[in-house]
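# Examining the three-dimensional arrangement
Next come the chains, spelled out residue by residue.
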Amino acid sequence: MSDREHGAIARGWEAVVAAARRTAAEGLVVGTSGNVSLRVGDTVLVTPSGVPYDRLGPEELTGVDPEGNQTLGTLAPTSELPLHLAVYRNTDARAVVHTHAVHATAVSTLVTEVPPVHYAAAMLGGTVRVAPYARYGTPELAANMLTALRGRTGCLLANHGTVTYGATLDEAYDRTAQLEWLCHVWLTASAVPGRTPALLSEDRLSEVVEALKGYGQRRGGTGTR
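Residues numbered from 1 in each chain as written. Predicted model: local features only at pLDDT ≥ 70, side-chain atom pairs only at ≥ 80, totals over all residues. Heavy atoms only, no water.

### Examining the pattern of salt bridges
As enumerated under the stated definition, the model contains five salt bridges in all. We note a salt bridge from D42 to R39, for which the minimum N-O separation is 3.8 Å. A salt bridge links R175 to E171; the nearest nitrogen and oxygen atoms lie 3.4 Å apart. Residue R175 and its partner E171 are both found in helix α5 (residues 169–190); the two are separated by four residues, about one turn of the helix. For E171, a relative accessible area of 31% gives the class partly exposed. (Salt bridge = Lys/Arg side-chain N within 4 Å of Asp/Glu carboxyl O. Helix = DSSP H or I, 4+ residues; strand = E, 2+ residues; numbered from the N terminus. Buried < 20%, exposed > 50% of the residue type's maximum accessible area, 1.4 Å probe, protein only.)

### Here's the deal with the environment of S33
With respect to the helices, strands and loops of the structure, S33 is situated in the loop between α1 (3–25) and β1 (35–40). Along the backbone, S33 and A172 are 139 residues apart, and their C-alpha atoms lie at a distance of 17 Å. Aside from chain neighbours lying at most four places away, what touches S33 is Y53 and H100. In terms of polar contacts, S33 uses its side chain to reach the backbone carbonyl oxygen of V30, at 2.8 Å. (Contact = heavy atoms within 4.5 Å. Polar contact = N/O pair within 3.5 Å; in protein donor to acceptor, adjacent residues only side chain to side chain.)

### A closer look at the confidence of the model for the chain
Averaged over every residue, the pLDDT of the chain is 93; the share at 70 or more is 96%. Confidence drops under pLDDT 50 across residues 221–225; counting only partners more than four residues distant or on other chains, this segment forms six contacts. (pLDDT = per-residue confidence, 0-100.)

### Here we look at the state of the cysteines
Counted according to the given criterion, the structure contains zero disulfides. C183 supplies the cysteine sulfur nearest to C155, a cysteine that is in no disulfide, at a spacing of 11 Å. Judged by its relative accessible area of 0%, C155 falls in the buried class. (Disulfide = S-S within 2.5 Å.)

### Section: unusual backbone geometry
Peptide bonds are, in most cases, trans, and in most cases residues other than glycine have a negative phi. Positive phi is not limited to glycine here, since N159 has a value of about 55°. With respect to the helices and strands, N159 occurs in the loop between β7 (154–157) and β8 (161–166).

### What about the pairing of β7?
Side-chain alternation along β7 places G154 and L156 on one buried face and C155 and L157 on a second face that is also buried. Traced from strand β6 (residues 130–131) through helix α4 (residues 139–149) to β7, the parallel crossover comes out right-handed. Pairing analysis gives four bridges linking β7 to β8, with the strands arranged antiparallel. Each bridged residue has a counterpart across the sheet, and for L157 the counterpart in β8 is G161. Hairpin connection between β7 and β8: a loop of three residues separates the two successive antiparallel strands, and N159 in this loop has a positive phi of roughly 55°. (Right-handed = clockwise from strand over helix to strand, strands pointing away. Pairing = 2+ DSSP bridges.)

### With respect to the side chain of T43
Here T43 lies in strand β2 (residues 43–46). Accessibility expressed as a relative area gives 14% for T43, which makes it buried. Not counting chain neighbours up to four residues away, the residues in contact with T43 comprise I9, L38, G63, V64, T71 and L72.

### So, the nonpolar core
Residues V87, M145, C155, L157 and V163 are the most contacted members of the largest nonpolar core, which totals 22 residues. Those elements that place two or more of their residues in this core are β2, α2 (81–90), α4, β7 and β8. Per-element tally for this core: the top contributor is α2, with six residues. Apart from residues lying up to four places away in sequence, V163 is in contact with L83, V87, V96, V97, H98, M145, T153, G154, C155 and L157. Core analysis: the next-biggest nonpolar cluster, separate from the first, contains 20 residues, W13, V17, L38 and L45 among them. (Core = buried A, V, L, I, M, F, W, Y, C linked by side-chain atoms within 4.5 Å.)

### Some points on a nonpolar patch on the surface
On the surface, Y119, M123 and L200 cluster together into a nonpolar patch covering about 240 Å² of accessible area. Its relative accessible area of 32% is what places L200 among the partly exposed residues. (Patch = residues over 30% accessible without salt bridge, like charges linked within 9 Å, V, L, I, M, F, W, Y side chains within 5 Å. Areas by Shrake-Rupley, 256 points an atom, 1.4 Å probe, with all protein chains shown as cover.)

### Concerning the packing of α2 against α4
Where α2 contacts α4, the two axes come as close as 9 Å, and the packing angle between them is 40°. The angle between α2 and α4 places the two elements in the oblique class. As for the relative orientation of α2 and α4, their crossing is right-handed in sense. Touching P82, L83, A86, V87 and N90 of α2 are L141, A142, M145, L146 and L149, all from α4. Taken together, the residues of the contact of α2 with α4 break down into nine nonpolar, one polar and no charged. (Axes fitted to C-alpha atoms, helices over the stretch in contact; angles between N-to-C directions. Parallel < 35°, antiparallel > 145°, perpendicular 65-115°, else oblique. Left-handed = near helix turned anticlockwise from the far one by under 90°. Nonpolar A, V, L, I, M, F, W, Y, C, P; charged D, E, K, R; others polar.)

In structure tokens, the structure reads:
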């Protein structure tokens, strides 16, 4: 491995550790649940199985190739490795975040799609689907997840949690946070006695999906949108 490649791996691992610790600090996981990964070239850096995030350091670095063969470190990768690799094989993802966020997990036990109470759903590509339940770490779970992710950048796993992906770890994490918030809003609105939350139509969400394509800072510009 060249010095340049070694540096990219080291920086990538630092980002994985930071994102994993953030999921714990912000209450999206408990204990060693959840996992985070980042693709750097042909290496997928992934959190190891059963190691508390506050104990992760350079010596805990864990990496696999796209087929799942371990290429870096000695700790066993997360048991959800099949889920992460399925995302990389079937999307343009560079980063994946999986959590057991409380509100999202609760919603995953109630519906097959997250009711679109807010246009935040458009940030994940549209109405967020719930993948049917399968045991963690299984090919069946990965297959169910891929079906739920079609045309989306995030989904819920029934009776389990969330999966989101992005071009960067920050983007993947932000989508997780938006999904958890969306689920929290729906649960809160649904709890009001005698009232039913108003939902956005697919047409309304599609409008937002299109609008988001031009959202943010323009390259070379100084203004905001």
